[in-house]
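Coordinates in review
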Amino acid sequence: QLVESGGGLAQAGGSLRLSCVASRITFSADAMGWFRQRPGKEREFVAAVTWAGVTTNYGDSVKGRFTIRRTYGADTVTLQMNDLKPEDTAVYYCAAGSFEGLTSGESVEYWGQGTQVTVSS
């Protein structure tokens, strides 16, 4: 089970931080990450981090602006979103699975319910 929090409204250039708490995740999932679905678009990969917190990967549109981190001692990942743009407006979904599966978008074992992020210009 994945539970997101932290969505909301921000102005362009501002920041938001999303959090996702995982529970009852099986050992087969070795990474957590985020996807987003913008209005009228398909769901797209945003970022992923391995359980060890060592390896990360980002979608091209968020590189340099978003940072994903794993909180040690807790099954929690955060997504720090800086320099937000109106095109970042989307429903953001927490996800868990294999690192390769998340980054390719081809295999996600667990999904959260989603949290809305709206960026005004």
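For the structure itself, consult the block above.
For the structure given in this document, a descriptive report is provided here. In this text, all values refer to a predicted model and were calculated from it rather than measured experimentally. (Residues numbered from 1 in each chain as written. Predicted model: local features only at pLDDT ≥ 70, side-chain atom pairs only at ≥ 80, totals over all residues. Heavy atoms only, no water.)

1. Focus on the overall build of the protein chain
- Along the protein chain, the regular secondary structure elements total 1 helix and 11 strands.
- In the protein chain, the order of α-helices and β-strands from amino to carboxyl end is β-β-β-β-β-β-β-β-β-α-β-β.
- The globule rule puts the C-alpha radius of gyration for 121 residues at 14 Å, and the 13 Å found for the protein chain is close to it.
- Across the 121 residues that make up the protein chain, the buried fraction comes to 41%.
- Counting contacts in the protein chain only where the partners sit at least 6 residues apart, residues at least 24 apart contribute 57% of the total.
- For the protein chain, the exposed surface amounts to about 6100 Å²; the carbon and sulfur share of it is 47%.
- Averaging the coordinates of the 11 positive side-chain charges in the protein chain and doing the same for the 12 negative ones gives two points 6 Å apart. (Helix = DSSP H or I, 4+ residues; strand = E, 2+ residues; numbered from the N terminus. Rg over C-alpha atoms; globule rule 2.2 N^0.38 Å. Buried < 20%, exposed > 50% of the residue type's maximum accessible area, 1.4 Å probe, protein only. Contact = heavy atoms within 4.5 Å. Areas by Shrake-Rupley, 256 points an atom, 1.4 Å probe, with all protein chains shown as cover. Lys, Arg positive; Asp, Glu negative; His and termini not counted. Charge placed at Lys NZ, Arg CZ, Asp CG, Glu CD.)

2. Side note on the state of the cysteines
- Here the structure, examined in full by the defined rule, presents 1 disulfide.
- Across the disulfide, Cys20 is cross-linked to Cys94 (sulfur-sulfur distance 2.0 Å). One quick way to see it: the torsion about the S-S bond of Cys20 and Cys94 is about -85°, and its sign makes the bridge left-handed. You can see Cys20 sitting in strand 3 (residues 16-22) and its partner Cys94 sitting in strand 9 (residues 90-97), a full 74 residues away along the chain. (Disulfide = S-S within 2.5 Å.)

3. Focus: unusual backbone geometry
- With a phi close to 50°, Asp83 is a non-glycine residue in the positive phi region.
- Residue classification places Asp83 among the partly exposed residues on the basis of a relative accessible area of 41%.

4. Comments concerning the environment of Gly14
- Mapped onto the secondary structure, Gly14 falls in the loop between strand 2 (8-11) and strand 3.
- Judged by relative accessible area, which is 22%, Gly14 ranks as partly exposed.
- Sequence-wise, Gly14 and Leu84 are 70 residues apart; in three dimensions their C-alpha atoms are separated by 5.5 Å.
- If we ignore the near neighbours within four places in the chain, the residues touching Gly14 are Met81, Asn82, Asp83 and Leu84.

5. Considerations on the packing of aromatic side chains
- Applying the stated rule across the entire model yields 3 aromatic pairs.
- Note on Phe35 and Phe45: the rings are 5.7 Å apart at their centroids and 75° apart in plane angle, and the pair reads as edge-to-face. Pair noted here: Phe35 is in strand 4 (residues 31-37) and Phe45 is in strand 5 (residues 44-50), with a separation of 10 residues, a long-range link.
- For Phe35, a relative accessible area of 4% gives the class buried.
- Under the relative-accessibility criterion, Phe45 is labelled buried at 15%.
- Centre to centre, the rings of Tyr93 and Trp111 are 6.3 Å apart; their planes meet at 85°, and the pair counts as edge-to-face. Taken as a pair, Tyr93 in strand 9 and Trp111 in strand 10 (residues 110-111) lie far apart in primary sequence, 18 residues in all.
- Ring pairs connect the aromatic residues Phe35, Phe45, Tyr93 and Trp111, which therefore count as one cluster.
- Above the plane of the ring of Tyr93 lies Arg43, whose end atom (NZ or CZ) is 3.9 Å from the centre.
- Sitting over the face of the ring of Trp111, Arg43 holds its NZ or CZ atom 4.3 Å from the ring centroid. (Phe/Tyr/Trp six-rings, centres within 6.5 Å; stacked < 30°, edge-to-face > 60°. Lys NZ or Arg CZ within 6 Å of the ring centre and 35° of its normal.)

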